[in-house]
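# A look at the structure
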Amino acid sequence: MTKNQPPAELPGESPAAPRGESPAGPPTGPSTGPTSADEPPARRRGRPPRTESAGTRDRILGAARAEFSERGYEKTSVRGIAKAAGVDSALVHHYFGTKEQVFEAAVAVAFAPALNAPEAVAAGSLDGMGERLTRFVFGVWENPTSRTPLLAILRSAVNNDTAAAVFRRLIAAQLMRRIAAQVDLPDRELRAELAAAQLVGVAMMRYVIKLEPLASADLEQIVARVAPVVQHHLTDS
């Protein structure tokens, strides 16, 4: 053997790596990123940075409205909402709490247009209160953008006791009491609830059950017949 000549390799033996380096081969540690450009990113875990909080909350709320609208209250889960929003379930609980609380937040957003009804009722004479309230409520139902989530909420409230309790709580606190405050007569809360029952009943028959000829009737015809009854509940002695 010539001086300084490296020793011959034995059969099956790999060449030694230079000092300080690992032998060639696939990495043995945890992967630091997706293995493929087509692999979807993992859902974010934990709390987002403060600068992302508002956007994350809105995304969760949008996913919740879509899930409740499509599946109803009973078949919707916090895990399903989180998956649709692309976040971890812990974030849903962090922002909203339980499924019931998520539903209440989704209802409040969807029902927001109807919560302006007390202002519409107050903006005019006492004699026209029934017509103003009737026009306002059916105007919300006639708008496809607001009608879709309202239908989902109403169906959930009819089929599930928890959803019904949330719906009652929101209606009582945010709508009926504010309308009752515009009525300066005895039993004003009962009057406001009877007026609401008249409007909700007609809306159910027209937009949910779609009973004919009510479902296809002209809106002005409906207002002309319903508004006097609502007026009677609100203001007649």
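Relevant structure appears above.
Here is a short report on the structure shown in this document. Values in this document were obtained by computation on a predicted structure and should not be read as measured data.

## Some words on the overall build of the protein
- From N to C terminus, the protein includes 10 helices and 0 strands.
- Buried positions account for 35% of the 237 residues belonging to the protein.
- Long-range contacts, defined as pairs at least 24 residues apart, comprise 67% of the intrachain contacts of the protein with a sequence gap of at least 6.

## With respect to the packing of helix 1 (residues 53-75) against helix 2 (residues 78-85)
- For the pair helix 1 and helix 2, interaxial distance at closest approach is 8 Å and the crossing angle is 120 degrees. Considering the angle they form, helix 1 stands oblique to helix 2. In this structure, helix 1 meets helix 2 at a crossing whose hand is right-handed. In this structure, helix 1 contributes Arg-59, Ile-60, Ala-63, Ala-64, Glu-67 and Phe-68 to the contact, and helix 2 contributes Gly-80, Ile-81, Ala-84 and Ala-85.
- Within the contact of helix 1 with helix 2, the residues separate by chemical class into 7 nonpolar, 1 polar and 2 charged.

## Describing the packing of helix 6 (residues 129-142) against helix 10 (residues 219-235)
- For the pair helix 6 and helix 10, the least separation of the axes is 7 Å and the interaxial angle reads 130 degrees. One element, helix 6, and the other, helix 10, form an angle in the oblique class. Note on packing geometry: the crossing formed by helix 6 with helix 10 is right-handed. Packed against helix 6, whose contacting residues are Met-129, Gly-130, Glu-131, Leu-133, Thr-134, Arg-135, Phe-138 and Glu-142, the element helix 10 presents Leu-219, Glu-220, Ile-222, Val-223, Val-226, Ala-227, Val-230, Gln-231, Leu-234 and Thr-235 at the interface.
- Across the contact of helix 6 with helix 10, the residue classes break down as 10 nonpolar, 4 polar and 4 charged.

## Details of the environment of Ala-192
- Structurally, Ala-192 can be placed in helix 9 (residues 188-208).
- Sequence-distant contacts of Ala-192, defined by excluding residues within four places in its chain, comprise Met-176, Ile-179, Ala-180 and Leu-234.

## Examining the packing of aromatic side chains
- Applying the stated rule across the entire model yields 5 aromatic pairs.
- Ring geometry for Phe-68 versus Phe-103: centroids 5.0 Å apart, planes at 80 degrees, classification edge-to-face. With Phe-68 in helix 1 and Phe-103 in helix 4 (residues 99-110), this pair connects stretches of sequence that are 35 residues apart. There is no split in this pair, since Phe-68 and Phe-103 are both buried.
- Taken together through their ring pairs, the aromatic side chains of Phe-68, Tyr-73 and Phe-103 make up a single cluster.

## Quick notes on unusual backbone geometry
- Omega for the peptide link from Glu-212 to Pro-213 comes to 10 degrees, which places this bond in the cis form.
- Within the secondary structure, Pro-213 sits in the loop between helix 9 and helix 10.
- Its identity as a non-glycine residue notwithstanding, Asp-187 has a phi of 55 degrees, on the positive side.
- Mapped onto the fold, Asp-187 is located in the loop between helix 8 (161-180) and helix 9.
- Asp-187 sits in the exposed class, given a relative accessible area of 56%.

Definitions and limits used
- Residues numbered from 1 in each chain as written.
- Predicted model: local features only at pLDDT ≥ 70, side-chain atom pairs only at ≥ 80, totals over all residues.
- Heavy atoms only, no water.
- Helix = DSSP H or I, 4+ residues; strand = E, 2+ residues; numbered from the N terminus.
- Buried < 20%, exposed > 50% of the residue type's maximum accessible area, 1.4 Å probe, protein only.
- Contact = heavy atoms within 4.5 Å.
- Axes fitted to C-alpha atoms, helices over the stretch in contact; angles between N-to-C directions.
- Parallel < 35°, antiparallel > 145°, perpendicular 65-115°, else oblique.
- Left-handed = near helix turned anticlockwise from the far one by under 90°.
- Nonpolar A, V, L, I, M, F, W, Y, C, P; charged D, E, K, R; others polar.
- Phe/Tyr/Trp six-rings, centres within 6.5 Å; stacked < 30°, edge-to-face > 60°.

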